[in-house]
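Read off the chains here:
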Amino acid sequence: MDVSSRNFFYFTHVVTDTCILIVSFFIALMIGNQTKLNTLALSDIGFLLFLICGWYFVARSNRIYEDRVQENQIRELFKTANTIIWQVMLAVLFIFAIKEKDYSRTFVVVYGVLLGFFIPLSKILLKRIYLSLYRHGYLRKRALVIGGGENGQRFCRYLRENKIYGYELVRYINGALTLSPDTGSRGMGGRVLMVGDRALEDIYEVDEVFITEEPDAHFSTREIASVLSSHAVRLRIIPSVFNMASSGMYSFSMMGGFPLLSVRNEPLEDVYNRAAKRLFDVLFSLFVMVFICSWLFPIIAILIKIGSPGPVFYKQERWGKRNRPFLCYKFRSMYVKAPDINTDGKFQQAQKDDPRITPIGRILRKTSLDEFPQFINVLRGEMSVVGPRPHASLMNIESTHLIKNYLVRHQAKPGITGWAQVNGLRGESADPKLLKARIQHDIWYIEHWSFLLDLKIIFLTFWRMVIGDKQAY
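By convention here, each chain's residues receive numbers from 1 onward along its written sequence. It should be noted that, the model being predicted, local features are given only for residues of pLDDT at least 70 and side-chain atom pairs only at 80 or more, the latter also being counted only at that level, while totals for whole chains, interfaces and linings use all residues. Side-chain calculation: all heavy atoms of the structure are included, whereas hydrogens and water are not.

To continue, consider the pattern of salt bridges. Any carboxyl oxygen of Asp or Glu within 4 Å of a side-chain nitrogen of Lys or Arg constitutes a salt bridge here. Within this structure, the stated rule accounts for 9 salt bridges. Between Lys277 and Asp454 there is a salt bridge, with the nearest N and O atoms lying 2.7 Å from each other. Here Lys277 is found in helix H7 (residues 271-307), whereas its partner Asp454 is found in helix H13 (residues 451-467), with 177 residues between them in sequence. Note that Glu371 is salt-bridged to Arg389, the shortest N-O span being 3.0 Å. On the criterion of sequence distance, the pair formed by Glu371 in the loop between helix H8 (359-367) and helix H9 (374-379) and Arg389 in the loop between strand E12 (384-386) and helix H10 (393-400) is long-range, its members being 18 residues apart. Throughout this description, buried means an accessible area under 20% of the type-specific maximum (1.4 Å probe, protein chains only), exposed means over 50%, and partly exposed covers the range between. By relative accessible area, which is 11% here, Glu371 ends up buried. A single network of salt bridges, built from pairs that share partners, joins Lys330, Asp370, Glu371 and Arg389. In this text, helices come from DSSP runs of H or I with a minimum length of four residues, and strands from runs of E with a minimum of two, each type numbered from the N-terminal end.

Written out as structure tokens, the structure reads:
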């Protein structure tokens, strides 16, 4: 399976899912609403188009159609299940928003069940069909890999482990290549490739040649490409730039006719993902503010006032996306005149049994209730529900020179909760190792963002609020 075939593989997934969605919609209409196809209303067509668009945006944000065959099938099915859940939620949202026609509960149940059964089943069957075609010789491409070092070895191992690509590795040449004048009858470019003292004859038996560039390679990629251009093989080059970042996360795009390679993959740089995340932030924050904060805020405000004199809210300057400062809101959990700077002139983080914390403040911090006013920051667009936790400005200044890649975490909006926090990396981080681990978790989140990950973090955050967190003080 070459690149075009591989793209077709994912294209068939998109088409199959869309067909299942359409068929499931009409079946649910006939069963749940007793609607016949010849009596469809304009609202039904609009409903279907809304669901198809919703499926596209959520599936895109969950990255279920990307070329990521290294993922195990269990994780792929989890991401598909997450997309189906969002599809059902969008159906319910549409039904509540549009009152032109009543859609029964049976419609929603039937629609959700059909999607939940047939879409995962289709993904399993499609992958098995492609693997079966590959094993029987269809879509198979014979590949030759040229390139030394770790990059070449990793690529060969990758081809062998991911048969869904359809490549059969014929040979791997560890960079010991030379060019020699052509003296035989097969030469077409005036020169031939030599492996040791023998001409490279494998070139006539392969469909594609991969060259993995290395900074210290014993061959010229340009010269080899020039020779191979005279053969009936497809040439692909893996640039050495892919070794620049240790995370292995990259993103590729085009600007006009210029290829752009980003050494850090950031799903939230996609405008669709940002729009979807922002929509979720607003809806989730409004829900919390209306149904929880409306009665919780007055209770907490009274307790804070009874516990110690001073304002109910505490505002502190913190850094947001692209290092932009903003005022972060919290419930006041410390005494009014509690110092932020220690005797060494450095920022003083909250510690266990910190005398600056009020009795009510200890409860608020232990349960993370002191963070709830930050939903105001989310509605203002300064924060997100999930993201790297914002640090005080002074702490940022001190940590920038202490931790490598510290400011990478500011490439995304800060969050009320984050991946580092649900993994136990919260509270005091005076130890540089703990702070480094927190930053690594934040960067991992930025590179691996998905709706499924956000929902997982939100669930784990509420779970920790219920059972308590030893690191919260």
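The rest of the description comes next.
Both the distance between ring centres and the angle between the ring planes are used here to describe each pair of aromatic rings. In summary, the pairing rule links any two rings of Phe, Tyr or Trp, Trp by its six-membered ring, whose centres are within 6.5 Å, and it sorts them by plane angle into stacked for under 30 degrees, edge-to-face for over 60 and tilted for everything else. Using the criterion set out here, one finds 26 aromatic pairs in the structure. Ring plane angle 80° and centroid distance 6.1 Å describe the contact between Phe280 and Phe451, whose orientation is recorded as edge-to-face. In this pair, Phe280 sits in helix H7 while Phe451 sits in helix H13, placing the two residues 171 residues apart along the sequence. Each member of the pair, Phe280 together with Phe451, is buried. Ring centres of Trp419 and Trp444 lie 5.1 Å apart, and the angle between their planes is 20°; on these two criteria the pair is classed as stacked. Here Trp444 lies in helix H12 (residues 432-448) and Trp419 lies in helix H11 (residues 419-422), a separation of 25 residues in the sequence. In this structure Trp444 comes out as partly exposed when scored by relative accessible area, which is 33%.

Once that is clear, we can look at the environment of Ile302. With respect to the helices and strands, Ile302 occurs in helix H7. Among the residues examined, Ile302 registers a relative accessible area of 52% and is labelled exposed. The spatial distance from the C-alpha of Ile302 to the C-alpha of Val312 is 8.5 Å, given a sequence separation of 10 residues.

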